[in-house]
Amino acid sequence: MATTGTIALAGIPLGQPLPPIPHALCMSLPNWNQVIGLAEEQKTIMDAVVTGYPRTFIHHNVQKLIDICERRFGHVGETCLIFPSRRSVELCRDFILRQAALANISAGVRTLQYPIHHGDLSPLGLNVSMAGTSACLSEFHLAFFPNEVYDIARKFWKLHGLGISSRRAEHYLSHIETTQPQLPSPEQQRCCSVTAKEGAQAKVELRKRIASYLVHPDADNRQWSSGAYSPVPESGSRINGEVLHRVTEEDVFLFPCGMAAIFSVHQLLLEVRAGQPSKSVVFGFPYMDTLKIAETLGSGVDFFGQGLDSDIDDIERMLAQGSMTKESSPPILALFTEFPSNPLLRIVNLPRLRALADKFDFLLIIDETVGSFANINVLPFADIVITSLSKFMCGLANVGGGSLVLNPNSRHYATLKDRMMYMYEDIYFHGDATIMEHNSRDFLRRVSIINDNAEVICDFLHSRTIAGGAPSESAVITQVLYPKYTSPTRYSHFKLPNGGYGGVFSLSFVSVAASKAFYDALSCAKGPSFGYEFTLAIPYTILGHHDELDWAAEYGLDESLMRISAGMEAKEVLLRCFEVALQAAEVCVGVRSSSLGM
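Everything quoted here is computed from the prediction, not taken from an experiment.

## A look at unusual backbone geometry
Where the residue is not glycine, phi is negative for most of them; where a peptide bond is considered, it is trans in most cases.
Here comes step 1: Omega for the bond connecting F339 with P340 falls within 30 degrees of zero, at -15°, which places this linkage in the cis form.
Here comes step 2: As for its placement among the helices and strands, P340 is situated in the loop between β13 (332-338) and α11 (350-360).
Here comes step 3: Between N342 and P343 the backbone carries a cis peptide bond, its omega angle lying at 15°.
Here comes step 4: Tracing the sequence through the fold places P343 in the loop between β13 and α11.
Here comes step 5: Backbone geometry places N104, a non-glycine residue, at a positive phi of 60°.

## Observations concerning a negative patch on the surface
Here comes step 1: Residues E40, E41, D151 and D547 make up a contiguous surface patch of negative charge.
Here comes step 2: Residue D547 is classed as exposed on the basis of its relative accessible area, which comes to 74%.

## Side note on the packing of helix α8 (residues 258-272) against helix α12 (residues 413-423)
Helix packing geometry: the angle between the two helix axes and the distance between the axes.
Here comes step 1: Interhelical geometry of α8 versus α12 gives an angle of 115° and a closest axis separation of 10 Å. Where α8 crosses over α12, the two elements pack in a sense that is right-handed. Of the residues in α12, those touching α8 at S264, Q267, L268, L269, E271 and V272 are T415, L416, R419, M420 and M423.
Here comes step 2: Taken together, the residues of the contact of α8 with α12 break down into six nonpolar, three polar and two charged.

## Let's talk about the nonpolar core
Here comes step 1: In this structure, F505, F518 and F578 are the most contacted members of the largest nonpolar core, which totals 97 residues.
Here comes step 2: Sorting elements by how many residues they give to this core places helix α14 (residues 443-462) first, with nine residues.
Here comes step 3: In this structure, this core is formed jointly by two domains, domain 1 (4-23 + 443-589) and domain 3 (200-213 + 245-440), each of which donates at least three residues.
Here comes step 4: Setting aside anything within four residues of it in sequence, one finds F505 in contact with L345, A454, I457, C458, L461, V480, L481, Y482, M562, R563, I564 and F578.
Here comes step 5: Ranked by size, the runner-up nonpolar core spans 69 residues in total, among them L81, L159, Y172 and A261.

## Some points on the sheet that holds strand β17 (residues 477-481)
Here comes step 1: Reading across the sheet, the five strands line up as β17-β18-β21-β20-β19 and stay open at both edges, with mixed pairing between neighbours. In the strand order of this sheet, the two ends are held by β17 and β19 (525-526), each with one partner.
Here comes step 2: For strand β20 (residues 536-538) and strand β21 (residues 562-565), the ladder comprises three bridges, and the chain directions are antiparallel. Paired with L536 across the strands is S565, a residue of β21.
Here comes step 3: Where α14 meets the sheet, it contacts β17 and β18 (504-509), and its direction lies at approximately 15° from that of β18.

## A word on the pairing of strand β15 (residues 384-388)
Here comes step 1: Of all the five residues making up β15, five are buried; the element is thus mostly covered by neighbouring parts of the structure.
Here comes step 2: With three bridges connecting them, strand β14 (residues 363-367) and β15 associate as parallel partners. Across the sheet, I366 pairs through a bridge with V385, a residue of β15.
Here comes step 3: The pairing of β15 with strand β16 (residues 402-406) spans five bridges and is antiparallel. From the neighbouring strand, V385 faces β16, where its bridge partner is V405.

## Description of the confidence of the model for the protein chain
Here comes step 1: Overall, the predicted model of the protein chain reaches an average pLDDT of 87, with 85% of residues at or above 70.
Here comes step 2: Long-range and interchain partners of residues 237-241, a stretch whose pLDDT sits below 50, account for seven contacts in this model, where long-range means more than four residues apart.

## Here's the deal with helix α4 (residues 86-102)
Here comes step 1: Its 17 residues place the ends of α4 24 Å apart at the C-alpha level, agreeing with the 24 Å of an ideal helix rising 1.5 Å per residue.
Here comes step 2: Of all the residues in α4, the buried ones are S88, V89, L91, C92, F95, I96, Q99 and A100. Along the long axis of α4, the arc covered by the buried residues comes to 155°, so they all point the same way.
Here comes step 3: Turning to α4, the residues buried within the fold contact β3 (78-83), β4 (110-115), β5 (139-146), α5 (150-160), α8 and α9 (288-296).
Here comes step 4: Of the residues trailing α4, N104 is marked for its positive phi of about 60°.

Reading the values: rules and limits
- Residues numbered from 1 in each chain as written.
- Predicted model: local features only at pLDDT ≥ 70, side-chain atom pairs only at ≥ 80, totals over all residues.
- Heavy atoms only, no water.
- Helix = DSSP H or I, 4+ residues; strand = E, 2+ residues; numbered from the N terminus.
- Patch = residues over 30% accessible without salt bridge, like charges linked within 9 Å, V, L, I, M, F, W, Y side chains within 5 Å.
- Areas by Shrake-Rupley, 256 points an atom, 1.4 Å probe, with all protein chains shown as cover.
- Salt bridge = Lys/Arg side-chain N within 4 Å of Asp/Glu carboxyl O.
- Lys, Arg positive; Asp, Glu negative; His and termini not counted.
- Charge placed at Lys NZ, Arg CZ, Asp CG, Glu CD.
- Buried < 20%, exposed > 50% of the residue type's maximum accessible area, 1.4 Å probe, protein only.
- Axes fitted to C-alpha atoms, helices over the stretch in contact; angles between N-to-C directions.
- Left-handed = near helix turned anticlockwise from the far one by under 90°.
- Contact = heavy atoms within 4.5 Å.
- Nonpolar A, V, L, I, M, F, W, Y, C, P; charged D, E, K, R; others polar.
- Core = buried A, V, L, I, M, F, W, Y, C linked by side-chain atoms within 4.5 Å.
- Domains from an automatic or database assignment.
- Pairing = 2+ DSSP bridges.
- pLDDT = per-residue confidence, 0-100.
- Expected span 1.5 Å × (residues − 1).
- Arc of directions from axis to C-beta.

As structure tokens, this is what we get:
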């Protein structure tokens, strides 16, 4: 998508896919009341929703396959979910049983494996020889469970990200949806085989591409000195007697989505530190599911939601006390943080966290999705870097993906790599990998345009905020949450030479009414998620924390907070869009209008 003279995807009806394509990752939520209706699961709103983010909503392809399986193999009072591997379905089973027991619910879970392969009467009714077509055949795994624990099963689906994708479901359906089965033609066989082969090659290219983004001659392998970076010699050189290594594709692991990568990190850490009942720490207010999955795994989590330097002081005191009472194991397993954080765009003190991790022997896990490979390099401070490729790397909102990168210079690298090679299961569907690889070819160019647009919009809005010096009696926005204004110095230490401040920013308003008026007047696409070529806005707190508004407010997420992801539309069109929304908010609260004079 080149820059356009119109706002992309404005006016898409409630619940319809954004963009309007079969495998869209986002849904349209055109007005504030509809966002509330979705958060409250109001029937009229839910009935209008036809799609959504794959972990949150069951795509119609997936549901179609579920319906077929339930009709043919389900028992009365059961439903099922579908997974790509034996391991993933067993993890679902174990989660259901564990969570059901905690809720004092008696529940049995059946797991079934259904291959579609040569010479078999397929359990889905395909009595057809598939000789010579094994490259395009598959198996899938079913978890059947009582209806009473459906919400628990869906929690697993949402938090772990291991369910089948819409393209994988489409692939399965292509093999079982026929009333007159027939052998694929030679051309179809070749196409199917090439698709699998292309998928494998796409994964190699993706891993190489991600590794290349983490190798910067003037930014990689840097040490922190006197509050600023200073470059060190090339890979293979020595510092303090230690050889430096650059990340390669062998250090990059791919997953169906970002949450699957996060879950895999938790599993990896529990393996590496087996027998040690340490908790994890989540530092700074993260994307909500990152905290929720940490709460369900291992020994639990300590949450430091502000992410301030004073919190680091508290952690250090906690660790010092814990190390005195537990000399045989680290006081904590790992610390998870985002850079910048979603949605507050806060910049945590990574050098202090790194020093603390080294001192007390825990691992530092950094999610850089909001910042993105194109703008920042946090790998020198992390043991593991996580990214949701579904956002900026995808760019078109049409395919999911996630990545995990091991830092080859981490003191824990050898152990992590050894266990990761043993544990890793490649369940990233080849059809999704092919699309992701294609989308990511212009990742850097696309993010550069998005960076510029976000900065222009933020400059316009910042000058009209209370934090930006506008009179409080005439301003409707209290603050633009954007690294350029909130933490410019700290962010600059991690910003790449050609990077920007990112494409995501949030707005805090003087009142919920002002935020509502602004949102309803915005003429861009509106819905959850971020990182796409089209501008996208959502009242983040209202949707994500509707049932815990007071708790979220304690950490800076006021009820009016709106997250915005800039797209690639023409700057003048975007400015006009935001000017109109700003004027609507001003009218709502009765202050004089700001104007660009356009």
